[in-house]
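Summary of structural features
As a plain string of letters, each chain reads:
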Amino acid sequence: MKKDILSLLPEELEADFAALGQPKYRAGQVFRWLVRGVRDFDGMSDLPKSLREKLKEEYFLHEPKVLSKQVSQIDGTIKYLWELKDGNAVETVVMSYQHGNTVCISSQVGCRQGCAFCASTIGGLVRCLEPSEMLDEVLFSQLDSGKPISNIVLMGIGEPLDNFDNVMRFLELVNHPKGMNIGMRHVSLSTCGLIERFDELADRDLQLTLSVSLHAPDDETRSKIMPANRGRGVGPLIEACKKYYRRTGRRISFEYAMIDGVNDTEYHAKLLARHARAVCAHVNLIPLNHVEERQFKPSTPGHMKAFIKILEDAGVNVTVRRKLGGDVDASCGQLRRKMQTGNNRSINR
Ligand code: SAH
């Protein structure tokens, strides 16, 4: 089987080339082509033809194809749907902020976590993404948009901790000084709370921000909307967050999508405030994005205001996520679903 050359770190490529009887600098040449987005060995013009032929036998390369690209007329947010080598598709979003451009990437094709308000999980998990595929989401978004990417959030389709090894390797690749060199402090990893992986993540000693999709502060509500809570529980999640913070010194961020009549009462706000204080967490409130297939509605502005006041009065650090790209298909997973269901009138090629 051919190897995935783009998932190799420069040091590993050098070791591979040594085994092929090639000098070290050849590996450096190839890596530089890869970083520039060349996905065809014949395009690597400073390599001898015999080496290019050899590389074609040993490795495969694939250039992700833009299936659709939507640009927001409101704020310039760009939403890409990429076709992968096996015909599957994932979404990537590029958002521009004053402090730079952020890319939101997918980590799996589909998702098996089953959150009741989310579009990405409707068809279940198809497969995990390779490190190279996540890297190309970042690189090709940058190349196509012409916007230099400085921040990465793993908040697209999929559960990053359910694809742990590939996500860790992707982070090493994207962080590599010879590669895109994006600092770990500019990376956020979002999880629905697979606490059995928290220790392993803390062991890596990365400077990234861990975002926990809490969405409800009690087991009854959380288990109803997030099946991942069943068998794990809010109590153990809060304990795992405390431990993670103690071990890494990195403050956790709680993501909380406000759903009308489900998780937005005074009771929820007070309990959330208690958890946030216990963990020293920052709370990021998200007005729920309406998903066609789901019955949930966003909380009313009045309820949100009251909710925020309770948190603030309790001394919790809280922000409300600004809605970007409202005219280019709300939250992640929706574009891919439209393609699957054939309802792709709004997909502009
Ligand atoms: N699986 C990871 C990351 C992907 S989802 C996780 O669960 O964190 C990224 C964020 O978007 C999560 O906080 C998720 O709960 C949230 N989300 C999903 N569907 C949403 C919707 N319809 N409206 C608002 N946020 C949503």
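Presented here is an overview of the structure given in this document. (Residues numbered from 1 in each chain as written. Predicted model: local features only at pLDDT ≥ 70, side-chain atom pairs only at ≥ 80, totals over all residues. Heavy atoms only, no water.)

The next thing to look at is the overall build of the protein chain. Across its full length, the protein chain carries 11 helices and 14 strands. Expressed along its principal axes, the backbone C-alpha trace of the protein chain runs to roughly 70 × 50 × 40 Å. Buried positions account for 55% of the 349 residues belonging to the protein chain. Of the contacts made within the protein chain by residues no fewer than 6 positions apart, 66% connect residues no fewer than 24 positions apart. A total of about 15400 Å² of accessible surface is found on the protein chain, and carbon and sulfur atoms cover 50% of it. (Helix = DSSP H or I, 4+ residues; strand = E, 2+ residues; numbered from the N terminus. Buried < 20%, exposed > 50% of the residue type's maximum accessible area, 1.4 Å probe, protein only. Contact = heavy atoms within 4.5 Å. Areas by Shrake-Rupley, 256 points an atom, 1.4 Å probe, with all protein chains shown as cover.)

One finds V138, F170, L171, F198, F254 and L285 to be the most contacted residues of the largest nonpolar core, which totals 97 residues. With 7 residues, helix α5 (residues 164–175) is the largest single contributor of residues to this core. Residue contacts for L285: discarding those within four places in its chain leaves Y256, M258, M304, F307, I308, L311, V318, T319, V320 and R321. Core analysis: the second largest hydrophobic core is formed by 5 residues, M95, C104, V153 and L324 among them. (Core = buried A, V, L, I, M, F, W, Y, C linked by side-chain atoms within 4.5 Å.)

Let us look at empty space enclosed by the protein. All chains considered together, the criterion is met by 2 cavities of 30 Å³ or more. Taken together, 16 residues line the largest cavity, and the ones lying closest to its centre are H62, P64, S132, E133 and D136. If you list the elements that add at least two residues to the lining of the largest cavity, you get β4 (78–83) and α4 (131–145). The element that contributes the greatest number of residues to the lining of the largest cavity is α4, accounting for 4 residues. Looking at the lining of the largest cavity residue by residue, the classes come out as 7 nonpolar, 2 polar and 7 charged. No fewer than three residues from each of domain 1 (3–60) and domain 2 (62–177) sit in the lining of the largest cavity. Here the second largest cavity is characterised by a volume of approximately 90 Å³. For the lining of the second largest cavity, the elements supplying multiple residues, two or more each, are α2 (24–35) and α4. (1 Å grid on protein atoms, 1.4 Å probe; cavity = no way out; pocket = protein on both sides within 12 Å on 5 of 7 lines; lining within 4 Å. Points joined across faces, edges and corners; volume = space filled by probe spheres on them. Nonpolar A, V, L, I, M, F, W, Y, C, P; charged D, E, K, R; others polar. Domains from an automatic or database assignment.)

In this section: helix α10 (residues 301–313). A rise of 1.5 Å per residue sets the reference length of α10, with its 13 residues, at 18 Å; its end C-alpha atoms lie 18 Å apart and thus fit the reference within 8%. Buried residues of α10: M304, F307, I308 and L311, and no others. Relative to the axis of α10, the buried residues are bounded by an arc of 100 degrees and lie together on one face. Away from the buried face of α10 by more than 90 degrees, exposed residues K305 and D313 are located. Buried residues along α10 sit against β12 (253–258), α9 (266–279), β13 (282–287) and β14 (318–320). The first or second residue beyond α10 is G315, which carries a positive phi of 80 degrees. (Expected span 1.5 Å × (residues − 1). Arc of directions from axis to C-beta.)

What follows concerns the site of the ligand. Neighbouring the ligand are 18 residues, the closest being G158, S190, S213, H215 and N289. Here T191 contributes a backbone N or O atom positioned 3.3 Å from an oxygen atom of the ligand. Across the complex, the protein chains shield 92% of the 530 Å² of accessible surface that the ligand would expose by itself. No fewer than three residues from each of domain 2 (62–177) and domain 3 (192–323) sit in the shell around the ligand. (Near = heavy atom within 4 Å. Polar contact = N/O pair within 3.5 Å; in protein donor to acceptor, adjacent residues only side chain to side chain.)

Right, let's get into a positive patch on the surface. A cluster of like positive charges, contributed by K24, R32, R36 and K178, occupies part of the molecular surface. Here R36 shows up in the loop between α2 and α3 (49–58). R36 gets classed as exposed once you look at its relative accessible area, which sits at 53%. (Patch = residues over 30% accessible without salt bridge, like charges linked within 9 Å, V, L, I, M, F, W, Y side chains within 5 Å. Salt bridge = Lys/Arg side-chain N within 4 Å of Asp/Glu carboxyl O. Lys, Arg positive; Asp, Glu negative; His and termini not counted. Charge placed at Lys NZ, Arg CZ, Asp CG, Glu CD.)

So, on to the pattern of salt bridges. By the definition in use, this model includes 24 salt bridges. Note that K85 and E133 form a salt bridge whose closest N and O atoms lie 3.2 Å from each other. With K85 in the loop between β4 and β5 (89–97) and E133 in helix α4, this residue pair connects regions lying 48 residues apart in the sequence. What makes K85 partly exposed here is its relative accessible area of 39%. A salt bridge links R127 to D86; its shortest N-O distance comes to 2.6 Å. Of this pair, R127 sits in strand β8 (residues 125–128) while D86 sits in the loop between β4 and β5, and the two are 41 residues apart along the sequence.

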